[in-house]
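# A look at the structure
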Amino acid sequence: MSILFVCLGNICRSPMAEGAFRAAAMRNELNCSADSAGTASYHIGSPPDPRAIAAASAYGVDIAGQTARQLERDDFFRYTHIFAMDEANLVGIRAKAPRDGTAKIAMLNDALEERVRKSIADPYYGDEELFAKVWEEIAAAAEALAARFASEGLSARL
């Protein structure tokens, strides 16, 4: 199993989702890989936003070593699941998806029954408090996703 998290620029939400999911996958002993990408090319090669790094770090998750990249055609074959952070990026992902792509595409918040089809706010123009709030939302969805995969029998030591 391999998971790709996607937002617009790949410096805020999707790197946080990758980090939160990796931590949740370890706790749930999932045999999987995780990565993140953006639908736009604005920040290719950049590290996550310092506020995203700080928000993740406050919960013991290190995302500082990640590097932004753009979603590419091979991702639709390389990953089993692609999770968008919001509706606009979900539309963009589906528009880029090749007809024969094998990845299942959904919104990250679909992992939480009470948040199905709800977008995760983009904190880029916000302050540290908004980044912390977005981290908590992402972490809750990542934990639910990892628990669901574990309950489906995908558990195995990494």
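Look up a bit, the structure's there.
To start, this report covers the structure provided alongside it.

How each quantity is defined
- Residues numbered from 1 in each chain as written.
- Predicted model: local features only at pLDDT ≥ 70, side-chain atom pairs only at ≥ 80, totals over all residues.
- Heavy atoms only, no water.
- Salt bridge = Lys/Arg side-chain N within 4 Å of Asp/Glu carboxyl O.
- Buried < 20%, exposed > 50% of the residue type's maximum accessible area, 1.4 Å probe, protein only.
- Helix = DSSP H or I, 4+ residues; strand = E, 2+ residues; numbered from the N terminus.
- Pairing = 2+ DSSP bridges.
- Right-handed = clockwise from strand over helix to strand, strands pointing away.
- Core = buried A, V, L, I, M, F, W, Y, C linked by side-chain atoms within 4.5 Å.

## What to know about the pattern of salt bridges
Considering all chains together, one arrives at 14 salt bridges under this definition. Note that Arg-51 and Asp-49 form a salt bridge whose closest N and O atoms lie 2.8 Å from each other. The exposure class of Asp-49 is buried, given its relative accessible area of 8%. Arg-78 is the salt-bridge partner of Asp-75, the closest N and O atoms lying 2.8 Å from each other. Here Arg-78 and Asp-75 lie together in helix α3 (residues 75-78), a separation of three residues that amounts to about one turn. By relative accessible area, Asp-75 is classed as buried at 0%. Each of Asp-35, Arg-69, Glu-72, Asp-74, Asp-75 and Arg-78 takes part in one network of salt bridges that share partners.

## With respect to the pairing of strand β3 (residues 81-84)
Note on strand geometry: in a regular strand, side chains alternate between the two faces of the sheet. What you see with β3 is no split at all: His-81 and Phe-83 on one side and Ile-82 and Ala-84 on the other are buried throughout. Taken together, the four bridges between strand β1 (residues 2-7) and β3 define a ladder with parallel strand orientation. What sits directly across from Val-6, in β3, is Ala-84. With four bridges connecting them, β3 and strand β4 (residues 104-107) associate as parallel partners. Opposite Ala-84, over in β4, you have Met-107 as the bridge partner. Of the crossover connections in this fold, the one passing from β3 over helix α4 (residues 87-96) to the parallel β4 is right-handed.

## A few points about the nonpolar core
Counting 37 residues, the largest nonpolar core has Phe-5, Met-16, Phe-21, Leu-30, Phe-83, Leu-108 and Ile-138 as its most contacted members. Of all the elements in the fold, those that place two or more residues in this core are β1, α1 (13-27), α2 (50-57) and α5 (128-154). If you look at the next biggest cluster of nonpolar residues, it comprises twelve residues, including Ala-37, Leu-71, Phe-76 and Tyr-79.

Everything listed is a geometric property; what it means functionally is a separate question.
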